[in-house]
Amino acid sequence: MPFFAYKARTARGELLRGVLEGADSGAVADQLFGTGVTPIEIVPTSRAVSVSGHGTGDQQGWWERLTERKVTSLDVQLFSRQLYTLLRSGVPIMRGLAGLQESAISKSFGRIIKDLRESLDSGRELSASMRRHPEVFSNFYLSMVRVGEMTGRLEEVFLRLFDHLEFDRSMRERVKTALRYPSFVVMAMVGAIAIVNIFVIPQFVTVFASFHTELPLMTRVLIASSAFMVAYWPLLLGLLAGAVLGARAWMATPAGRYAWDMHKLRLPLAGKIIVKGTMARFARSFSLAQRSGLPIVQALTLVAQTVDNAYLAARIEQMRDGVERGESILRTAVTAGIFTPIVLQMIAVGEEAGSLDDLMDEIAQMYEREVDYELKTLSSQIEPILITFLGVMVLMLALGIFLPIWDLGKAALHK
């Protein structure tokens, strides 16, 4: 089909220029009217629309592509805040994106912004332009932008998206920080066990062999485990790698991910943190969707995609199905079985008063405070378990090594 260059004006009076593909100028005009802009001029042209967002000057070598910093959630978060500031200041979005492209620290994100500009210039809406990059903009993000476009509150949506991404990133960072020390201790203990079995215990075997006597049970267990590890360490590493790869492949399947997401909510210590953190993300997302004007059914559909847990997502979709059948939010929340009585009471009050978005925001803050407290006390809860395990390991090692020497000393004294 031929290409047509056009000039059009938005509802705010902004002038847009671009190129669209269509059967004729009338079809192009229909496309423009469908996106909410009014065409002024449509003329045939031979210039095609850029689809990839990468011009000839953007070609990269394989090494540059390999070492280039990937787009992170922080990049998207700052982009949302900057767009909010620009739109609130009355800066046209095309000019604002041009400035953001020039100042982008990440080259890969700069190319994405360039593609957004070219897509807007060709007549697409911002949400449709962002949809070309699903690896950067999530379905929830795209839906919120689409709602902002339909309601004319795009700048407000970008501010709420910034807050939402900040909350989500903060939650993940706090979990990583709380688990850093226990993870380091566990890795050190595993390394110590491997070193003792491979290098230390074999040195004592020759000493114990010179005793010409029956060794204690603990010593025989240590020697047998050390000999097994030294003889079959390639097999053990292969089994470990196979178990890890098999578990990852199983969790990549829908049934495997559902089962794992359900069981990890019941893990000691970590399970309740995962539950509260996930529910805080659900409440925050639902509040944002409600305040942006999304219908409850559509809001629940989108929020189910943000919880990052297949089991809880299925429960939220179950709530959506109940609402579609005409049931109340409270009834579907009770049936889902994932909310505490306090949260259910707050949902009942919010639904009765018509302020469910405000109550959901308070629920998110309540869960966030609980997660913050759990994370602060996580290290103190894990330390006794680690110390006990370390003490048992040291005791077994000491008994296994020193009991034969102790028995030999007692035999020498009796002589």
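Once a new chain begins, its residue numbering starts again from 1 and follows that chain's sequence as written. Side-chain atom pairs in this predicted model are given and counted only at pLDDT of 80 or more, local residue features only at pLDDT of at least 70, and totals for whole chains, interfaces and linings cover all residues. Side-chain calculation: all heavy atoms of the structure are included, whereas hydrogens and water are not.

1. Topic: the overall build of the chain
Then, in step 1: Each helix is a run of H or I in the DSSP string that is no shorter than four residues. Each strand is a run of E no shorter than two, and both are numbered from the N terminus. Scanning the chain for helices and strands turns up 16 helices and 3 strands.
Then, in step 2: The classification of residues rests on relative accessible area computed with a 1.4 Å probe and restricted to protein chains. Under 20% of the type maximum is buried, over 50% is exposed, and intermediate values are partly exposed. Taking all 415 residues of the chain together, the buried fraction comes to 37%.
Then, in step 3: Contact criterion: two residues are considered in contact whenever any of their non-hydrogen atoms come within 4.5 Å of each other. The contacts of the chain with a sequence gap of at least 6 include a subset with a gap of at least 24, amounting to 61%.
Then, in step 4: By element, 63% of the accessible surface of the chain is carried by carbon and sulfur atoms, the whole surface being about 23,300 Å². In short, Shrake-Rupley with a 1.4 Å probe defines the accessible areas, and a residue's cover is counted only from the protein chains shown.

2. A word on the nonpolar core
Then, in step 1: Residue types Ala, Val, Leu, Ile, Met, Phe, Trp, Tyr and Cys, when buried and joined through side-chain atoms within 4.5 Å, form a set referred to as a nonpolar core. Formed by 77 residues in total, the largest nonpolar core has its most connected members in Phe 79, Met 130, Phe 137, Tyr 141, Phe 158, Phe 282 and Phe 339.
Then, in step 2: When residues of this core are assigned to their parent elements, the largest contribution, 12 residues, is made by helix H16 (residues 356-414).

3. Examining the side chain of Lys 276
Then, in step 1: Note that Lys 276 resides in helix H11 (residues 270-291).
Then, in step 2: Setting aside chain neighbours within four positions, we find Lys 276 in contact with Tyr 367, Glu 370, Val 371 and Glu 374.

4. Some thoughts on helix H4 (residues 93-103)
Then, in step 1: Within H4, the full set of buried residues consists of Ile 93, Gly 96, Leu 97 and Leu 100. The buried residues of H4 occupy an angular sector of 95° when the element is viewed end-on, so they sit on one face. Along H4, the residues that are exposed and aim more than 90 degrees away from the buried face are Arg 95 and Glu 102.
Then, in step 2: Buried residues belonging to H4 abut helix H3 (73-88), helix H5 (107-121) and helix H6 (126-130). The arc in question is formed by the directions pointing from the helix axis toward the C-beta atoms.

5. Examining the pattern of salt bridges
Then, in step 1: We define a salt bridge as a contact between a side-chain nitrogen of Lys or Arg and a carboxyl oxygen of Asp or Glu at a distance within 4 Å. Following the criterion strictly, the structure yields 16 salt bridges and no others.
Then, in step 2: As a salt-bridge pair, Asp 321 and Arg 320 come within 3.2 Å of each other at their nearest N and O atoms.
Then, in step 3: Under the relative-accessibility criterion, Asp 321 is labelled partly exposed at 30%.
Then, in step 4: Across the salt bridge formed by Glu 327 and Arg 325, the nearest N and O atoms sit 3.5 Å from each other.
Then, in step 5: Given a relative accessible area of 61%, Arg 325 falls into the exposed group.
Then, in step 6: One network of salt bridges, with partners in common, ties together Lys 272, Lys 276, Glu 370 and Glu 374.

6. Points about helix H15 (residues 341-353)
Then, in step 1: How far a helix is expected to stretch is found by multiplying one less than its residue total by 1.5 Å. Between its terminal C-alpha atoms H15 stretches 18 Å, which fits the 18 Å expected from 13 residues at 1.5 Å a residue.
Then, in step 2: Within the span of H15, buried status applies to Val 343, Leu 344, Met 346, Ile 347 and Gly 350. Along the axis of H15, the buried positions cluster into a sector of 160°, meaning they face one direction only. Exposed side chains of H15 directed beyond 90 degrees from the buried face belong to Pro 341, Ile 342, Gln 345, Glu 352 and Ala 353.
Then, in step 3: Two residues or fewer after H15 comes Gly 354, characterised by a positive phi angle close to 75°.

7. Some thoughts on the packing of helix H8 (residues 154-209) against H11
Then, in step 1: For helices, the fitted line uses only the C-alpha atoms of the stretch in contact; every axis is such a line through C-alpha atoms, and the angle between N-to-C directions lies from 0 to 180 degrees. Between H8 and H11, the least distance of the axes is 11 Å, while the angle of their chain directions is 180°. It follows that H8 is roughly antiparallel to H11 by the angle criterion. Along the contact surface, H8 presents Arg 160, Leu 161, His 164, Phe 167, Asp 168, Met 171 and Arg 172, while H11 presents Gly 277, Ala 280, Arg 281, Arg 284, Ser 285, Leu 288 and Arg 291. Working definition: roughly parallel below 35 degrees, roughly antiparallel above 145 degrees, roughly perpendicular at 65 to 115 degrees, and oblique for all remaining angles.

8. What about the environment of Phe 199?
Then, in step 1: Counting through the fold element by element, Phe 199 comes out in helix H8.
Then, in step 2: Placed 27 residues apart in sequence, Phe 199 and Ser 226 show a C-alpha to C-alpha distance of 8.9 Å.

9. Some points on the environment of Gly 110
Then, in step 1: Among the structural elements, Gly 110 can be located in helix H5.
Then, in step 2: Assessed through its relative accessible area of 9%, Gly 110 is described here as buried.
Then, in step 3: The spacing of Gly 110 and Ala 98 is 12 residues in sequence and 9.6 Å in space, taken between C-alpha atoms.

10. Some remarks on the packing of aromatic side chains
Both the distance between ring centres and the angle between the ring planes are used here to describe each pair of aromatic rings.
Then, in step 1: Here is the rule: rings of Phe, Tyr and Trp (six-membered ring for Trp) pair when centre to centre is within 6.5 Å. Planes less than 30 degrees apart are stacked, more than 60 are edge-to-face, and the remainder are tilted. By the definition in use, this model includes 8 aromatic pairs.
Then, in step 2: Their ring planes at 55° and their centres at 6.5 Å tell us that Tyr 141 and Phe 158 sit as a pair that is tilted. In this pair, Tyr 141 sits in helix H7 (residues 139-151) while Phe 158 sits in helix H8, placing the two residues 17 residues apart along the sequence.
Then, in step 3: The exposure class assigned to Tyr 141 is buried, which follows from its relative accessible area of 2%.
Then, in step 4: On the basis of relative accessibility, which here comes to 0%, the residue Phe 158 falls in the buried class.
Then, in step 5: When the centroid spacing of 5.7 Å and the interplanar angle of 50° are considered together, the rings of Phe 282 and Phe 339 count as tilted. Placement of Phe 282 in helix H11 and of Phe 339 in the loop between helix H14 (329-336) and H15 is noted, with a sequence separation of 57 residues between them.
Then, in step 6: Judged by relative accessible area, Phe 282 falls into the buried class, the value being 1%.
Then, in step 7: A network of ring pairs unites the aromatic residues Phe 79, Phe 109, Phe 137, Tyr 141 and Phe 158 as a single cluster.
Then, in step 8: Only when the NZ atom of a Lys or the CZ atom of an Arg is both within 6 Å of the ring centre and within 35 degrees of the ring normal do we say a charge sits over the ring. The ring of Phe 162 has Arg 81 lying over it, and the distance from NZ or CZ to the ring centre is 5.4 Å.

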